[in-house]
Amino acid sequence: MGIRKKHVNNFPTPYTCTAAIREGGMETKLSMVLMGFGNIIHKQKIKGLLYLAIEVAYIVFMIVNGIQFLSMLGSLGTVEQKEIWDEANQIYVYTKGDQSILILLYGVATVLLTILMICAWRGALKSAYKAECLDKQGKHVNNFVEDLKSLLHENLHRLLMTPPMIFIGALTILPLIFMICMAFTNYSKIDNHLMLFDWVGLENFKALFDSSSILGSTFWSVLGWTLVWAFFATFSNYIFGMILSIVINRKDTKAKGFWRFCFVLSCAVPMFVSLLIMRTMLQPEGAVNVLLRNLGLIAPDASLPFFTDPTWARVTVIVINIWVGVPYTLLQLTGVLQNIPGELYEAARVDGANAVQIFFKITLPYMLYVTTPYLITTFTGNVNNFNVIYLLSGGDPVTNLESTAGSTDLLVTWLYKLTVDKQYYNIGAVIGILTFIILAIAALLTYRNSKSYKEEGGF
Amino acid sequence: MAAKTKVRSAKKRRFINNTIVHVVLAILAFIWVFPIIWVILTSFRAEKGSYVSTFFPQSFTLDNYVKLFTDTSILNFPQMFMNTLFIAVCACILSTFYVLAVSYCLSRLKFKLRKPYMNMAMILGLFPGFMSMIAVYFILKAIGLTEGNLIKVALILCYSGGAGLSFQIAKGFFDTVPIAVDEAALLDGCTRWQIFTKITLPLSKPIVIYTVLTSFMAPWLDFIFAKVICRANSDQYTVAIGLWNMLQKEYIDSWYTSFAAGAVLISIPIAILFLFMQRYYVDGMSGAVKG
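Residues numbered from 1 in each chain as written. Chains lettered and ligands numbered in written order. Predicted model: local features only at pLDDT ≥ 70, side-chain atom pairs only at ≥ 80, totals over all residues. Heavy atoms only, no water.

## What to know about the overall build of chain B
This is how the line gets drawn: Numbering goes from the N terminus for both helices and strands, where a helix is a DSSP run of H or I of at least four residues and a strand is a run of E of at least two. Here the globule rule reads 2.2 Å times residues to the power 0.38, and the radius of gyration is calculated from C-alpha atoms. When checking whether two residues touch, look at their non-hydrogen atoms; a contact exists if any pair is within 4.5 Å. All accessible areas in this document rest on Shrake-Rupley with a 1.4 Å probe, and a residue is counted as covered only by the protein chains that are shown.
Tallying secondary structure elements over chain B gives 13 helices and zero strands in all. If you list the helices and strands of chain B from N to C, you get α-α-α-α-α-α-α-α-α-α-α-α-α. In summary, chain B has a C-alpha radius of gyration of 25 Å against a globular reference of 19 Å for 291 residues, an excess of more than 25%. By its C-alpha atoms, chain B is 85 × 70 × 30 Å across when sized along the principal axes. For chain B, long-range pairs separated by at least 24 residues make up 72% of all intrachain contacts whose partners lie at least 6 apart in sequence. Carbon and sulfur atoms make up 68% of the accessible area of chain B, which amounts to about 13,600 Å² in all.

## Here's the deal with empty space enclosed by the protein
Taking a probe equal in size to a water molecule and rolling it over the atoms shows the remaining empty space. Residues and elements named next belong to chain A. Selection rule: Put plainly, a pocket is an open set of points on a 1 Å grid over the protein atoms alone with protein on both sides within 12 Å along at least five of seven lines, a cavity is a set where a 1.4 Å probe fits but cannot get out, and a lining residue has an atom within 4 Å of a point. Grid points are joined across faces, edges and corners, and a volume is the space filled by probe spheres set on the points.
Throughout the structure, instances matching the rule amount to three cavities of 30 Å³ or more. Residue assignment for the lining of the second largest cavity shows that the elements contributing at least two residues are α10 (256–268), α11 (271–281) and α13 (310–338). Top element by residues in the lining of the second largest cavity is α13. It accounts for three residues.

## Here's the deal with the UniProt feature "domain: ABC transmembrane type-1" (unreviewed entry) in chain A
For clarity, the cut-off: UniProt positions are given in the numbering used here, feature names are shortened, and annotations may be inferred rather than shown by experiment.
Taking the UniProt record as the reference, the feature "domain: ABC transmembrane type-1" (unreviewed entry) is found at residues 223–446 of chain A. The span residues 223–446 of chain A is 74% helix and 0% strand, and its two end C-alpha atoms sit 20 Å from each other.

## Focus: the interface of chain B and chain A
How big an interface is tends to be expressed through the accessible area that disappears when the partners come together. Formally: By convention, the term buried area covers the 1.4 Å-probe accessible surface removed from two parts as they join, with the contributions of both added. What makes a salt bridge here is a side-chain nitrogen of Lys or Arg within 4 Å of a carboxyl oxygen of Asp or Glu, nothing more. Pairs of N or O atoms are called polar contacts if they sit within 3.5 Å, as long as, within protein, a hydrogen donor faces a hydrogen acceptor (for residues adjacent in sequence, only side-chain-to-side-chain pairs). Ten residues, namely Ala, Val, Leu, Ile, Met, Phe, Trp, Tyr, Cys and Pro, are considered nonpolar, four, namely Asp, Glu, Lys and Arg, are considered charged, and the remaining ones, Gly among them, are considered polar.
Across the boundary between the two partners, chain B contributes 89 residues, which contact 95 residues of chain A. Summing the contributions of chain B and of chain A, the shared interface buries around 8,200 Å²; its carbon and sulfur component is 81%. Our count for the contact surface shared by chain B and chain A stands at zero salt bridges. Across the contact surface, chain B and chain A share seven residue pairs in polar contact (both at pLDDT 80 or more). Residues of the side of chain B that touches chain A, tallied by class, amount to 68 nonpolar, 13 polar and eight charged.

## Focus: helix α5 (residues 133–142) of chain B
Residues and elements named next belong to chain B. Put simply, the test is: Type-normalised accessible area, obtained with a 1.4 Å probe on protein chains alone, sets the label of each residue: buried when under 20%, exposed when over 50%, and partly exposed for intermediate values.
α5 sits mainly inside the fold: eight of its ten residues count as buried. When we look at burial in α5, the residues that qualify are Met 133, Ile 134, Ala 135, Val 136, Tyr 137, Phe 138, Ile 139 and Leu 140. Of the residues flanking the end of α5, it is Gly 144, one or two places downstream, whose phi is positive at about 75°.

## Considerations on unusual backbone geometry
With phi around 65°, Lys 43 of chain A is a residue other than glycine that occupies positive phi space. Along the chain, Lys 43 of chain A turns up in the loop between α3 (37–41) and α4 (45–73). Overall, Lys 43 of chain A belongs to the exposed group, its relative accessible area being 53%. Even without being a glycine, Arg 231 of chain B presents a positive backbone phi close to 50°.

## Some remarks on the domain arrangement of chain A
Note the following rule: The split of the chain into domains comes from an automatic or database domain assignment.
By the assigned domains, chain A splits into domain 1 (17–150) and domain 2 (206–455). Just the C-alpha atoms count here: the centres of domain 1 of chain A and domain 2 of chain A sit 48 Å apart.

## Brief notes about the pairing of strand β1 (residues 83–86) of chain A
Here is the key point about a regular strand: its side chains alternate between the two faces of the sheet. Residue and element names in this part refer to chain A. Test applied: A pair of strands is treated as paired once DSSP finds two or more bridges between them.
By the bridge criterion, four bridges tie β1 to strand β2 (residues 91–94) in an arrangement that is antiparallel. Of the residues in β2, the one forming a bridge with Ile 84 is Val 93. Where β1 hands over to β2, the hairpin turn is made up of four residues, of which Gln 90 adopts a positive phi near 60°.

## Quick word on the UniProt feature "transmembrane region" (unreviewed entry) in chain A
Residues and elements named next belong to chain A. According to UniProt, the "transmembrane region" (unreviewed entry) feature falls on residues 49–70, 101–121, 165–187, 222–246, 258–278, 312–337, 358–376 and 424–445. Its end C-alpha atoms 24 Å apart, residues 258–278 is made of 90% helix and 0% strand. Summarising residues 312–337: 100% helix, 0% strand, and an end-to-end C-alpha distance of 34 Å.

## Let's talk about the packing of helix α3 (residues 77–108) of chain B against helix α7 (residues 168–176) of chain B
Residues and elements named next belong to chain B. Selection criterion: To get an axis, a line is fitted to the C-alpha atoms, and for a helix only the part in contact is used. The angle between two axes follows their N-to-C directions and goes from 0 to 180 degrees. Orientation is classified from the angle alone, with under 35 degrees giving roughly parallel, over 145 giving roughly antiparallel, 65 to 115 giving roughly perpendicular, and any other angle giving oblique. We call a crossing left-handed when the near helix sits turned anticlockwise from the far one by less than a right angle, and right-handed when that turn is clockwise.
Relative orientation of the contacting elements α3 and α7 amounts to 50°, with a least axis distance of 8 Å. One finds that α3 runs oblique with respect to α7. Pair α3 / α7 crosses with right-handed handedness. Contacts from Val 99, Leu 100, Ser 103, Tyr 104, Leu 106, Ser 107 and Arg 108 of α3 reach α7 at Ala 170, Lys 171, Phe 174 and Asp 175.

## Remarks on a nonpolar patch on the surface
Note the threshold: Patch construction takes residues with relative accessible area above 30% that form no salt bridge. Like charges are linked within 9 Å, and nonpolar side chains (Val, Leu, Ile, Met, Phe, Trp, Tyr) are linked within 5 Å.
On the surface, a nonpolar cluster with roughly 490 Å² of combined accessible area is contributed by Val 228, Phe 231, Phe 232, Phe 235, Ile 239 and Ile 243 of chain A. Mapped onto the secondary structure, Phe 235 of chain A falls in helix α9 (residues 214–249).

Here you go:
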């Protein structure tokens, strides 16, 4: 099978843009300049006027603001904020300088608006051509009320998808593009570029990959730990949760509901609460150390270095992640386990397989087969697992005082520290992009081979 | 005779196995429940301070709960509670509508942007969730939503903004509603909108309830977005930031036991919702109409 599938158009329609330009009448061609003109002529006055209004609004916006926004996008502002001594009032006055961040934001927003406008323009052209064709063939042309009604039936997807799409566009896609742009600027506290900054191309990427600098070496060590963490966090939860649910589901286990309840109870407590509790319990003077002292397991003034020793801290976060994650795994895997055909087990038992063999030859392969998509999502979730690390250890302990990351910092918590605490926005954005690339490669490779890809779903 | 001893020894072995399994389960269950018990005990502890030298409290009191609701000078818990409730209700309505609408479209309607949309959702899901958080803050600031009471609107937008991307579970559920029902309704002259509201949604009660509850719970559980957007506006804090603040260096000594009390208070409704939802969650996974 070729990697690229041939593009098949499942939605053939005679009313395309090229057809409109090639075969459309005068009025349709005029609607290329004057949006909605064709519609107005062919009995769709309100629709045509709406298109016209969109065009007018866009042009007015571009003249008033848009062109200026776009032209500033290249330089990102040049006027510095200055302090001027005001003789008359005997005070310092600040002149209004350019704010690169706003220029960038408005610029990106204008570009997005323009793309939307192009879509609207294509829509107008198609609709004008359709109206023309239908009118010439003497068929019925929908009037505005009928168009509105069609939103509830054949065009329901437009009605239902538009509001969520607007939200996604404004609050997910726009910020993402904005942030990706930041990766190519020098927007950071270094050299005081918080107000005015410039495009620097791939400088930030170079700085991060240069393993001789402090930033570069931190990046590689954080990346290594992130992958180790994601691997252990995913599979420890998976295996442990599976064993636990097998044990609870065993025929001879009594009070199944009670055991399940005990474990599920802990995921009913909000995650940030249980993580904060865990953190306070594991402090040098926290409950766990106190308990160990009371039991006489450690000396009265000693304490176990849960979050102060790098190796201890790393093991601690993984172990606590098991505590946090296993109930969820239990919930999700129980149903899948119950679906394994019973005949398989009976046959295995008749053939004299023991419990361990049954687990490795039947249960595990079956589970892996069914839950591969789940495993991928958990893995990506763990690479991006901000809560557990930030609330538990906060990335501590910091062993190298020069670096900005501690020993348990993941890429995401490091990103958070760099942007929110240190205000190195550009480096933060680069890390975000790199995280995405790593995840995208991993997800693509696995999804392509998984069942869910072959049947339906993304990609 | 030999057969009998064999049966007996097999029985004995099974008994030993069962005992071991139950003991191990009991130990594990204890480990999982232990922190919860400890918080409940701490919330009733009379001795102040964050760290004490005894594991179990020496004396019990209700003061921690009283303090939470009466001492509003530094950390105004009742106000935080009302803030969160308001945000949660609004965000819940918006995102429930978005999730259900998008899932229904992707599951039932055939349109050109269907595949591209699903691919886009998957790609967006791979970006670190709050990578764009700073950018979202700038955008909200640019439209003036980061001052005063408008912060609540900003938070509502944040919590419901990405809702259209988390359609997988609901879409999976809608996929299991037999398409023949839709076709019959179409023949009877229903519009697609009527099918959605009058047939699909009533048939999908479990997933509707599941969506409502998850989106209602999100503002109670999130604390990073709230922290970045609220900044220093303490009158707009949500419960999560409040609880987190109680553990900061300057408050931890006097507020530690109240933190435990607050944690218990928040956990009770969430736990009830969760245990209630769990049933629908399992149902949601297994489909709507059982054959």
